[in-house]
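# Structural features, examined
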Amino acid sequence: MSISPTSALSDAALQAAPSSKARGYWATVGRRLLRDKVSVACALILALIFLSALAAPWLGLADPYQGSMIRRLRHIGTAGYPLGTDELGRDMLARLIYGGRLSLIVGILPVILAFGIGTSLGLIAGYVGGKINTAIMRTVDVFYAFPSVLLAIAISGALGAGIVNSIVSLTIVFVPQITRIAESVTTGVRNMDFVEAARASGAGPFTIMRVHMLGNVLGPIFVYATGLISVSMILAAGLSFLGLGTKPPEPEWGLMLNTLRTAIYINPWVAALPGAMIFAVSIGFNLLSDGMRSAMDIRN
Amino acid sequence: MLAYILRRIVYVIPIVVSVALVCFMLVHITPGDPLVAILPADASQELASQLRIAYGFDRPLPVQFGLWLWKAVNGDLGHSIATGRPVLSEVMRAVGNTVTLAIAAAMIGFTLGLFFGLLAGYFRDTWVDKVATSIAIAGVSVPHYWLGMVLVIIFSVQLNWLPAVGAGPGGSGAWGWDWEHIRYLVLPAVTTSVIPMGIVTRTVRALTGDILSQDFVEALRAKGLRETHVFRHVIKNAAPTAMAVMGLQLGYMLGGSILIETVFSWPGSGLLLNSAIFQRDLPLLQGTILVLALFFVFLNLMVDIAQAAIDPRIKRS
Amino acid sequence: MRIEKSGRSRTAAAVVILAMAAVAALPRISAAETTLRIGMTAADIPRTLGQPDQGFEGNRFTGLTMYDALTMWDLSSADKASVVIPGLATEWKVDDADKKKWTFRLRPGVIFHDGSPFNADAVVWNVEKVLKQDAPQFDPSQVGVTASRMPTLASARKIDDMTVEMITKEPDSFLPINLTNLFMASPAKWQKFYDAAQGADAKAKSQAAWAAFAKDASGTGPWKMSSFTPRERLELVKNEGYWDKARVPKVDKMVLLPMPEANARTAALLSGQVDWIEAPAPDAVAEIKQRGFGLYSNEEPHVWPWQFSRVEGSPWNDIRVRKAANLCIDREGLKDGLLAGLMVPATGTFEPGHPWRGNPTFQIKYDKPAAQKLMQEAGYGPTKKLTVKVQTSASGSGQMLPLPMNEYLQQALAECYFDVQLDVIEWNTLFTNWRRGAKDPSANGANATNVTYAAMDPFFALVRFLQSSMAPPVSNNWGYINNPKFDELVTKARQTFDPTERDKALAELHAASVDDAAFLYVAHDVAPRALSPKIKGFVQPKSWFVDFSPISMTP
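Residues numbered from 1 in each chain as written. Chains lettered and ligands numbered in written order. Predicted model: local features only at pLDDT ≥ 70, side-chain atom pairs only at ≥ 80, totals over all residues.

### Overview of the overall build of chain C
This is how it is decided: Only DSSP runs of H or I reaching four residues or more are called helices, and only runs of E reaching two or more are called strands; each is numbered from the N terminus. Exposed residues have 12 or fewer other C-beta atoms within 10 Å of their own C-beta, buried residues have 20 or more, and partly exposed residues fall in between, where C-beta atoms are placed from the backbone.
A tally of regular secondary structure across chain C gives 17 helices and 22 strands. Each principal axis of the C-alpha atoms in chain C carries an extent, and together these give about 80 × 65 × 50 Å. Per-residue burial over chain C gives 54% buried out of 555 residues.

Set out below in structure tokens:
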């Protein structure tokens, strides 16, 4: 049950590092990515899920909150309910599409927040070094000492159920991971020639961090974060699944999976649908992250 | 080597204390009454405050932390509020069941992971590689609690081949390694194994590919060295990293079992954590988190030391 | 290194598996012993040391099985209301001069499972385990569930071997009913554990002794503990020497298994893993019946209500609004449409036939035109809706199906010009707020709360909600009801010591509360349970409890 996108990551980090200068580099990466059919397909599917979640109110769907006891647990393919109905008789298609809104928010927002916080912390720790580095990195080590699922659940359990609490707890889980990478890349880049040159030419620390280091650090972290979204989606939905995330009656995939679990003896395949959505988004981001990684790996 | 081990252990001590502090803080920022498990909502105010004193929840937090830490160092994690049983025995019994599950899952996940990883690494960029990589990526992307549900739907509900929940006909107390009991382990273990399987596959594939693409392998092959020797060479070079990854995966399986144990009502540490959270049983909650986190720290330490023992370069860094 | 090791243990495991499979394949000798395996709804085995947790389900399975109290509930009839009868006490009376003083005559010849005698010392010891803080056996963890169920008991004293005197804080005719909750654990057995216990001080030793007692308990009940796996399984065997020969169990052994999930429980029953489950999944009721299993249910002393806020500015202060809400709900529709018939429509806290029902003049039923008329009189209509906010939770013990049921009420009340807003919060938070009251910030401005309650004992069924002095933080008068008539009737009932007269006074109080539409009365739970066709002789009383003694099983 790991919960860190794996391996090969540091490779990508190191390869990206020396090429801060080239705008041509990113153009090449983009071109390579567009030629990768799997990545393009993933991007399209993810875009479809995003757009439908965003445009849900204008898609002419049934009311995702309006239930009816008479039509509960209809099977997939019932007339009027293409994906059946849930345990309260609410239209599954509508709830799955509307469910994308919260599910994607609680899945992606923690990664974005952790991306911002972790990158800043890592840059500072790596560039300033010394005591500040020690303070930041030792704190990070403590959080690293917990398996991420355990940490996420412990924090959510302590804060109580709710969307905000769940976002907070996942952010806390991811910040140390991103800080570590940012710190190690920054430390690596700090002593490189072009940074020395910039320093010699009188650039201030913030300028150096912003212009020279951020560019180098962002690439690898971005790849990592894309893979992390997959983990985050699974964990966020997992929290709701345990009853520690989104509260009913909001449509959210993890919570839907939880409440529909009681229906597996009656209408199993409807009960499995929300999980398939989580799976789709998660695998999409993972494949995209892989695609980006190999696109950035110019060596091949 | 000994000096390295000592250095690592000394480095771990502050982490352990901080981990204990984090556990304690997490549990005590919890809103709600710590005695909710034993104090009915209809209990009088007077009774509530009387019990708060009896349990020591009226004392300042630093004092409570100090006392708890001191007792914990002496092997006493206090008593569960809800059951009155000693926390340590509750946790260790549950951890034992989680270990059973994790080891079964590791056997499945690591075997398949090594197999697919080596296959994919050897036949890089062929259809074999594509299939193995797809399985791996599905493994790391699947919400495992959902997979567990789907397996229950197929094998318990539809086919009625395997039990859906529990740890054997007589509970974990009467566990035995016969089919009557192992039936109960199959679905949770398979479910738990998919993520380690995916991760080990990806790691081993990358390692194998890297080693095989090195120039000297070409040279060895050109010299007419037999494939078995090349294979041995691959294994030798891939082993340290692969083992480190597997060690960590084992740690994740032990510490992150809550979702799967909840799906399968497997009476391990995750299920214990779940009930501690929902009963707001603070001593049990902080004790369980602490023990699981310490297991993880310990496993990390072991992995580091084992890696250093195999690859002397690590010691110097 | 690691890989090798796991490889070796795998081989070892395979060998063991083969060996075990061979042993398992040997023909087994079937015993004539009968075992009743029960799937409970609790997530954990209720505490076994005498005072169970997990509410009344705890009392049902680990209280009344292994232990007896001085007074007990009559569980022999499915039709009549379950009333208090003598248990370990054969008779009791209040002192004529001092109404705070009671004497209890004890049942002679009763022994604990460990062979030690049950006597006045044992009663005093058990009272002091929860009430006397400096007694060695005082256990704070048992106080909460016990003391709150006998709020007025102050102390006990031995008169002679077979007579005990009890003192209450104020005159209280409910004492004999309250005492059904104090189970008699064996002092001798506990003392043995205490003497053997390791511990820094007396408190630590006492805690260790109770922990040991919980694993190897001893009471006087019809069932004895035989083995215990915490959180998973409790095995009881019949007590051949039970004092009431008519209630010596017919089944040899009973196994209790916690199965909190309704579907897992149902599957366990259908696949033969257990013989009896509590609360089968409503959606599976049809299949359970069709496969020949017995489905039992009966009205329970339980109410699923909305409790109204009566603080200033609450819309529920208008009795027309309270009555309208009560008349606007089609309870039969709720029962058949949503709960697969597994509820009894509520027309009060107690239904006709109950000694505390009385004769309310306000008839609670489904009468939408009357409800709409009342609302119009109160100044509301299709264009002027009354907004009310209700706190509820997605789950919780005794809450039945809280969200679907509240959504049903929401739709039904919309017809009578109510605009119901549901504030769905966590069960623990809801329960905590129940104590803090409608004025507390945690009420989120809600003017009704949806916490179900047990109505077995007059204090829990009526007094704590209706008496003005029970307002927060004292007890559960969540909405700050302040009705002098209720207060007067509560005092009257508490101070009427003749049981028949006391019941009449309680009936008067209940009728007054219905006439005042003090709650939105919705449903009574029916304690559904599904039993294997092998089980014979089961009677489901109108109670939270069950007598397992008369049950027999065909192999």
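### A look at the overall build of chain B
Put simply, the test is: A pair of residues counts as a contact when their C-beta atoms, built from backbone coordinates, are separated by no more than 7 Å.
Of the regular secondary structure elements, chain B holds 13 helices and zero strands. When the helices and strands of chain B are placed in sequence order, the string is α-α-α-α-α-α-α-α-α-α-α-α-α. Expressed as lengths along the three principal axes of its C-alpha atoms, the size of chain B is roughly 85 × 55 × 30 Å. Classification of the 317 residues of chain B by burial places 49% in the buried group. The contacts of chain B with a sequence gap of at least 6 include a subset with a gap of at least 24, amounting to 74%.

### Regarding the pairing of strand β4 (residues 89-94) of chain C
Residues and elements named next belong to chain C. This is how it is decided: Strand pairing is assigned whenever DSSP identifies at least 2 bridges connecting the two strands.
Strand direction decides the pairing type here: β4 and strand β5 (residues 101-106), joined by five bridges, are antiparallel. Bridge assignment links Ala 89 to a residue of β5, and that residue is Leu 106. Connecting β4 to the antiparallel partner β5 that follows it, the hairpin turn spans six residues.

### Some words on the interface of chain A and chain B
Heads up, the condition is: Lys, Arg, Asp and Glu make up the charged group, whereas Ala, Val, Leu, Ile, Met, Phe, Trp, Tyr, Cys and Pro make up the nonpolar group; the residues left over, Gly among them, are polar.
Each side of the interface is counted separately: chain A has 38 residues, and chain B has 47 residues. For the side of chain A that touches chain B, the secondary structure elements donating two or more residues are α5 (130-144), α6 (148-159), α9 (205-242) and α11 (268-296) of chain A. Looking at which element gives the most residues to the side of chain A that touches chain B, the answer is α11 of chain A, with nine residues. Looking at the side of chain A that touches chain B residue by residue, the classes come out as 26 nonpolar, ten polar and two charged.

### What to know about the interface of chain A and chain C
Between chain A and chain C, the contact holds 14 residues from the first and 16 residues from the second. By residue class, the composition of the side of chain A that touches chain C is ten nonpolar, three polar and one charged.

### Considerations on the sheet that holds strand β1 (residues 35-40) of chain C
Residues and elements named next belong to chain C. To be explicit about the condition: Under this scheme, a helix contributes an axis fitted over its contacting stretch, all axes are lines through C-alpha atoms, and angles between N-to-C directions fall in the 0 to 180 degree range.
In space, the seven strands of this open sheet follow the order β8-β9-β10-β1-β11-β20-β12, with mixed pairing throughout. What marks the edges here is a single partner per strand, and that holds for β8 (223-229) and β12 (294-296). Neighbouring strand axes in the sheet, compared pairwise and without regard to direction, differ in orientation by 20 degrees on average. Relative to strand β20 (residues 529-531), β12 runs antiparallel, the two sharing three bridges. What sits directly across from Leu 295, in β20, is Ala 530. In this fold helix α8 (residues 262-270) packs onto β1, β11 (276-278) and β20, with an angle of close to 165 degrees to the strand it touches most, β11.

### Here we look at the packing of helix α3 (residues 37-54) of chain A against α11 of chain A
Residue and element names in this part refer to chain A. For clarity, the threshold we go by: Orientation is classified from the angle alone, with under 35 degrees giving roughly parallel, over 145 giving roughly antiparallel, 65 to 115 giving roughly perpendicular, and any other angle giving oblique. Crossing handedness follows the turn of the near helix against the far one: under a right angle anticlockwise gives a left-handed crossing, and clockwise gives a right-handed one.
The contact between α3 and α11 brings their axes to 9 Å, and the two run at 140 degrees. The angle between α3 and α11 falls in the class oblique. As α3 runs across α11, the sense of the crossing is left-handed. Contacts between α3 and α11 involve Val 38, Ser 39, Cys 42, Ala 43, Ile 45, Leu 46 and Ile 49 on the former and, on the latter, Ala 280, Val 281, Gly 284, Leu 287, Leu 288 and Gly 291. Classifying every residue of the contact of α3 with α11 gives ten nonpolar, three polar and no charged.

### Overview of the environment of Gln 286 of chain B
All names here are of chain B. Of note, Gln 286 is situated in helix α12 (residues 282-310). For Gln 286, a count of 28 C-beta atoms within 10 Å corresponds to the buried category. Separated by 264 residues in sequence, Gln 286 and Val 22 have C-alpha atoms that sit 9.4 Å apart. What Gln 286 contacts, discounting residues up to four positions off in sequence, is Cys 23, Phe 24 and Val 27.

### Some remarks on the nonpolar core
Selection rule: To count as a nonpolar core, a set of buried Ala, Val, Leu, Ile, Met, Phe, Trp, Tyr and Cys residues must be joined through C-beta atoms within 7 Å.
In terms of nonpolar packing, the biggest core is built from 341 residues, with Ile 178 of chain A together with Cys 23 and Ala 293 of chain B touching the most fellow members. Among the elements that take part in this core, α9 of chain A stands out by supplying 18 residues, more than any other. Not counting residues up to four positions away in its chain, the partners in contact with Cys 23 of chain B are Gln 286, Ile 289, Leu 290 and Ala 293 of chain B.

### Brief notes about unusual backbone geometry
Positive phi outside glycine occurs at Ser 265 of chain B, with the angle close to 45 degrees. By the secondary structure assignment, Ser 265 of chain B is in the loop between α10 (258-264) and α11 (269-279). Given 21 C-beta atoms within a 10 Å radius, Ser 265 of chain B is considered buried. In this structure, Met 400 of chain C takes a positive phi of about 55 degrees despite not being glycine. Here Met 400 of chain C shows up in the loop between β15 (386-393) and α13 (402-414). Looking at Met 400 of chain C, the number of C-beta atoms within 10 Å reads 21, which means it is buried.

### A short note on the sheet that holds strand β6 (residues 153-160) of chain C
Residues and elements named next belong to chain C. Overall, antiparallel pairing links the four strands, which are arranged β4-β5-β7-β6 in an open sheet. Two strands in the sheet have a free side with no partner beyond their single neighbour: β4 and β6. Pairwise comparison of adjacent strand axes, ignoring direction, gives a mean angle of 20 degrees for this sheet. Pairing between β6 and strand β7 (residues 163-168): six bridges, direction antiparallel. Bridging from a neighbouring strand, Asp 160 pairs with Thr 163 of β7. Strands in contact with helix α3 (residues 120-131) are β5, β6 and β7; relative to β6, the strand with the most contacts, it is inclined by about 160 degrees.

In short, shape yes, function no, at least from these values alone.
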